[in-house]
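For reference, the chains in residue letters:
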4 protein chains.
Amino acid sequence: MLIVMHHQATKEQVDQIIAAVELMGLTAEPIPGSLRTAIGVLGNQGYVDDATIRTLPGVRETIHVSKPYKMVSRDFHPVSSVVDVAGVKFGDGHLPVIIAGPCSIETSEQMFAAAAEVKAGGGQMLRGGAFKPRTGPHSFQGLGVEGLKYLQQAGRSQGLPVVTEVMRIEQLDTVCQYADMLQIGARNMQNFDLLKEVGKTRHPVLLKRGMSATIEEFLAAAEYILAEGNPNIVLCERGIRTFEKETRNTLDLSVVPLVREMSHLPIIVDPSHATGKRMLVPVMSKAALVAGAHGVMMEVHPNPAMALCDGAQSLSGADFAALMQEINQLLDFLN
Amino acid sequence: MLIVMHHQATKEQVDQIIAAVELMGLTAEPIPGSLRTAIGVLGNQGYVDDATIRTLPGVRETIHVSKPYKMVSRDFHPVSSVVDVAGVKFGDGHLPVIIAGPCSIETSEQMFAAAAEVKAGGGQMLRGGAFKPRTGPHSFQGLGVEGLKYLQQAGRSQGLPVVTEVMRIEQLDTVCQYADMLQIGARNMQNFDLLKEVGKTRHPVLLKRGMSATIEEFLAAAEYILAEGNPNIVLCERGIRTFEKETRNTLDLSVVPLVREMSHLPIIVDPSHATGKRMLVPVMSKAALVAGAHGVMMEVHPNPAMALCDGAQSLSGADFAALMQEINQLLDFLN
Amino acid sequence: MLIVMHHQATKEQVDQIIAAVELMGLTAEPIPGSLRTAIGVLGNQGYVDDATIRTLPGVRETIHVSKPYKMVSRDFHPVSSVVDVAGVKFGDGHLPVIIAGPCSIETSEQMFAAAAEVKAGGGQMLRGGAFKPRTGPHSFQGLGVEGLKYLQQAGRSQGLPVVTEVMRIEQLDTVCQYADMLQIGARNMQNFDLLKEVGKTRHPVLLKRGMSATIEEFLAAAEYILAEGNPNIVLCERGIRTFEKETRNTLDLSVVPLVREMSHLPIIVDPSHATGKRMLVPVMSKAALVAGAHGVMMEVHPNPAMALCDGAQSLSGADFAALMQEINQLLDFLN
Amino acid sequence: MLIVMHHQATKEQVDQIIAAVELMGLTAEPIPGSLRTAIGVLGNQGYVDDATIRTLPGVRETIHVSKPYKMVSRDFHPVSSVVDVAGVKFGDGHLPVIIAGPCSIETSEQMFAAAAEVKAGGGQMLRGGAFKPRTGPHSFQGLGVEGLKYLQQAGRSQGLPVVTEVMRIEQLDTVCQYADMLQIGARNMQNFDLLKEVGKTRHPVLLKRGMSATIEEFLAAAEYILAEGNPNIVLCERGIRTFEKETRNTLDLSVVPLVREMSHLPIIVDPSHATGKRMLVPVMSKAALVAGAHGVMMEVHPNPAMALCDGAQSLSGADFAALMQEINQLLDFLN
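Values in this document were obtained by computation on a predicted structure and should not be read as measured data.

It is worth spelling out the interface of chain D and chain A at this point. The partner chain A presents 30 residues to the 29 residues of chain D that form the contact. Summed over both sides, the interface between chain D and chain A buries roughly 2600 Å², with carbon and sulfur atoms accounting for 61% of that surface. Together, D:Leu35, D:Val65 and D:Asp75 form the three largest contributors to the area buried by chain D at its contact with chain A, with a combined 21%. Only β1 (2–5), β2 (27–32) and β4 (59–63) of chain D provide two or more residues apiece to the side of chain D that touches chain A. Classifying every residue of the side of chain D that touches chain A by side-chain character gives 10 nonpolar, 10 polar and nine charged.

Listed below in structure tokens is the structure:
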């Protein structure tokens, strides 16, 4: 950490800071400048809680050099991680994974049809939501456990591992029973209690970026899971909230190569939720793969126009099959 | 809802839309324009789920006229609500409520000292966190139930009702036992399961705005609580995330008069979390009251420089007493 | 335009609105709903200025259906435009154009070296800034006209058309003399006087998106140029300002397929300014091409470590040559 | 500046950085940490251009301690500045200045009526736009020089100094002739050439914050003017662009006390443009004054419903008179 003093800070103020840093068991190294003094803080093993320091007289600002995460960082774990979900592998050295399926699980028939389409197109995993976070309480909220069963059965019928969102701790055991991979939704990315409980399982986790989360916060959220002992984490970029409203969110594809440099964890992209527009899903899926994503998750629905949720961003089975052909050619080219 | 067709949409496409709207049990009213056709949708009793429509050929966009909330709206409940927290009243016709106390509950002594300072300064409620959401897992996470006891005892010692955050459903019964008011933190504003459970109690709730929540989403979150039967909701503006980093968040004070017009629920302001800077708390507290806030919540700590969390934004007891004098004069003036 | 009335608006208020709309020479079509009345406005040939209407009693909001642009819209000009810059063509049916060169023009030697590297790598146009917008007045501000000469001579030496930024109207004649294409920088995207003057020439224009401009504002800025008679406009996405600071801006690649659908104008991407990190330029360039960009502009400097401006985002000549090999393979694949 | 090295940076890389810093005539002070090395850069007289350094191997990031401005900083000019506009004084020790008038100058009659209303209400300065920046080219663009004459005559008729926007350098002489204060609009805050030319005059300047400008960029823009020798600068907060669309922009009132601490320049607030809603102007004007603003600028129009521009945010003369009564009482209270 670097402590920057005010231009007019006195020597006494500087000395008081140094004493406070040493009280924390750390070393203070003054760096006198021509305009102001800065004080380097040394000896910390990670992120320093600077609340005490920032309040002392003469301090203009504190600047963190360490990050609020460590185990997810490539600095401390240089080798890329591979996450195995019932035989499907996410990470360097493996082909990108295509996850597809409807936003919401609606009926058994719908899920069997979706699974067949995903399999036929060449997808490797099936998705579907049984518990749905919806902005208003008057919208469809999901089928619950009944839906989980449909999901599992549909996945098994085609040999596709399944991923679904877990929204609260009490659902965790149940969801673990039916799902091969747990999804933490964007709204729960900083639901730290849920992250910790998920971290106590060894179930693979798909952690979606919060809609206003910085990369630093995203990685720190993964650290919560890893710190509890669960290393099976796949990150997922799904768009951030900005002033632009023409798309539902702003897909931040640069995060893919950045996260690949900063962390050893795999990262995939969800263009359906990011853009909110079916028309953009194929092209942004391919852009994500070229950007280095370890996979793409997209919404596919047997009958998008009748979907109870987010039909506007769902591909039909035929759309999906056509896109998969293009994706497979692109992956051939990239290899 | 208004459905806007593409410039080149055909008559067949318009007819298909009309049929789809009627299938939903609603009425479609075409509005032919010189450049394009729009179709008004009538007969809905609230927010229309437009996923089906948006996917049909010829549709350029759908525009919602109804909002995803209803019971929190002043349209449907014109009289301002007053929320009573163990005798302290939030709402029109009552003096703004000052809530103060430390960010985190650290020790029994700290809480008794804080309660004495809050009471001496003229505050009406005591706050303190027993369960702390922290960005990284390596920071102090709160004292838990032990902390709740300190908070309750300290509040009772001075006759101050207490408010504290509930972070997960399993904590709800316990927190209800010790706290007079439940706080839903910004990170949980869209934790819909938690909102619903809180809605099943009749405990007063302080609902903080999510850091990237629109006003519409903020009110829709309150609707989740109200829809379950709990009308005792106080809203709290605490800053939104923007590109500006000089303050921790950007305090959006305009939301106060806006929410007062749009909803019957009371709204208070938290300048400590919004700005992250102690220096800004007094001035922004007063600005919030002039903007019409029904209360202000601020961090006060017996020894801010030693606070385990957010000391940089905490006032000392003496700071608080001085500020309360100014606030009381301001409230006298405003009345 | 749709005018949405308050829930409790009276019949008199609705009638007053209808009268006001008719005063504007337009037609008002009331759409009575179960909760509120809306009024459709018909007969307008474009964007309606709603200032008058929004102020009348009973109005809750006005919703624009028409856009503040028309000539740039694909609705009114369905065929994709091709922009010719001294023989280099931007647009559908032509290979994407690679524009490269240093951020700032520093010396004649630097520009000749850069031009040789761009040509050798396979770039089709040369860029370089003679007038530099810099956040603070104490940074290098550019070489001015001397720089323009270096740019033109260097471009000619390799047969590369050149593009450079024009920052003020008085520079326009001079820049037109030396440059084959005029760049309007992000900070000037809404410098409407400059746009109009550029619109009076027939010089090809590269219009960069403002850092907080919506797509609608971006297209409306292009409309300023087109409305004056200059159709030779190439749009350029260069990142938008968001809360994320790990990259300089957030590259919004979804804008590429969106603009291609909404407008007939070609659009290219500048990953150097968007990301601010050299490491991200190659991968995001390729992602941009897959997303459908009609070109990519990137910073290449003979000696990035010695660059007077933005060296951190510049590729060396060798980096550029290696990237161009990958890009050419990708373009072969895409065709 | 602080240079933070990668975790695995070698000693050779650290030595290369030190050499590069010394080549710049500065001193490098290595600060070895337990996890990584940082290097302090000393001896600079201001902002260091770090482009060269950031590109060297082993560097993770550079952190600026100096700011891109100096003369506008209170560090270097501790005494608050007072700006005198034809006898009206902005700054500490003077009553806040109320500037009012229409968005656009429309007719001579309108301006004389507006001036009379502003004077009658107790406003001290008259505003009005002769050159209007409008998002689309098909909107009213202003009366030009004819409008400037109306503005000046109307102001003189009531003894009110006048302020109006200058949009391009060629207008500068003309605008100086008619206006007592030059306004730089939000879209031109980083039109550095215009800032420099305005800096060469000694005319008082009202510099509006850009809609996505950080405080640092805002002060750096003022530095451009000051660096040319013109110290007569009044800053103006007018809302920033965020994801929230219920208000036109998000009024960032915290910037007022922050700028007052960071700079010696006076700062005022424009609640009309910030909120875009007439209903919010009175309450946010008062909040701004309590936050410490040295003035408020608001839109007042003799007939808001007939305004050619932004009528929705304009007060009528009667509204203004009522608000001024409240403001005067508030100012009495604050003193």
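Moving on to the packing of aromatic side chains. Residue and element names in this part refer to chain C. Applying the stated criterion across every chain yields a total of six aromatic pairs over all chains. Aromatic side chains Phe192 and Tyr224 sit 4.4 Å apart centroid to centroid with 20 degrees between the ring planes, which places their arrangement in the stacked category. Of this pair, Phe192 sits in helix α6 (residues 192–200) while Tyr224 is found in helix α7 (residues 215–227), placing the two residues 32 residues apart along the sequence. Taking the relative accessible area as the measure of exposure, Phe192 reaches 1% and is therefore buried.

All names here are of chain C. With antiparallel pairing, the four strands of this open sheet are ordered in space as β2-β3-β1-β4. Only two strands of the sheet have a single partner each, and these edge strands are β2 (27–32) and β4 (59–63). Pairs of neighbouring strands in the sheet enclose a mean axial angle of 20 degrees, with direction left out of account.

Moving on: the nonpolar core. Counting 153 residues, the largest nonpolar core has B:Leu207, B:Met298, D:Leu207 and D:Met298 as the members making the most contacts within it. At nine residues, helix α7 (residues 215–227) of chain B tops the list of elements feeding residues into this core. Within the second largest apolar cluster, 152 residues are counted, among which are A:Cys176, A:Leu251, C:Ala154 and C:Ala288.

With phi around 50 degrees, A:Ala86 is a residue other than glycine that occupies positive phi space. Looking at where A:Ala86 falls in the secondary structure, it is placed in the loop between β5 (83–85) and β6 (88–90).

What counts, and at which threshold
Residues numbered from 1 in each chain as written. Chains lettered and ligands numbered in written order. Predicted model: local features only at pLDDT ≥ 70, side-chain atom pairs only at ≥ 80, totals over all residues. Heavy atoms only, no water. Contact = heavy atoms within 4.5 Å. Buried area = accessible area lost by both parts, 1.4 Å probe. Helix = DSSP H or I, 4+ residues; strand = E, 2+ residues; numbered from the N terminus. Nonpolar A, V, L, I, M, F, W, Y, C, P; charged D, E, K, R; others polar. Phe/Tyr/Trp six-rings, centres within 6.5 Å; stacked < 30°, edge-to-face > 60°. Buried < 20%, exposed > 50% of the residue type's maximum accessible area, 1.4 Å probe, protein only. Pairing = 2+ DSSP bridges. Axes fitted to C-alpha atoms, helices over the stretch in contact; angles between N-to-C directions. Core = buried A, V, L, I, M, F, W, Y, C linked by side-chain atoms within 4.5 Å.

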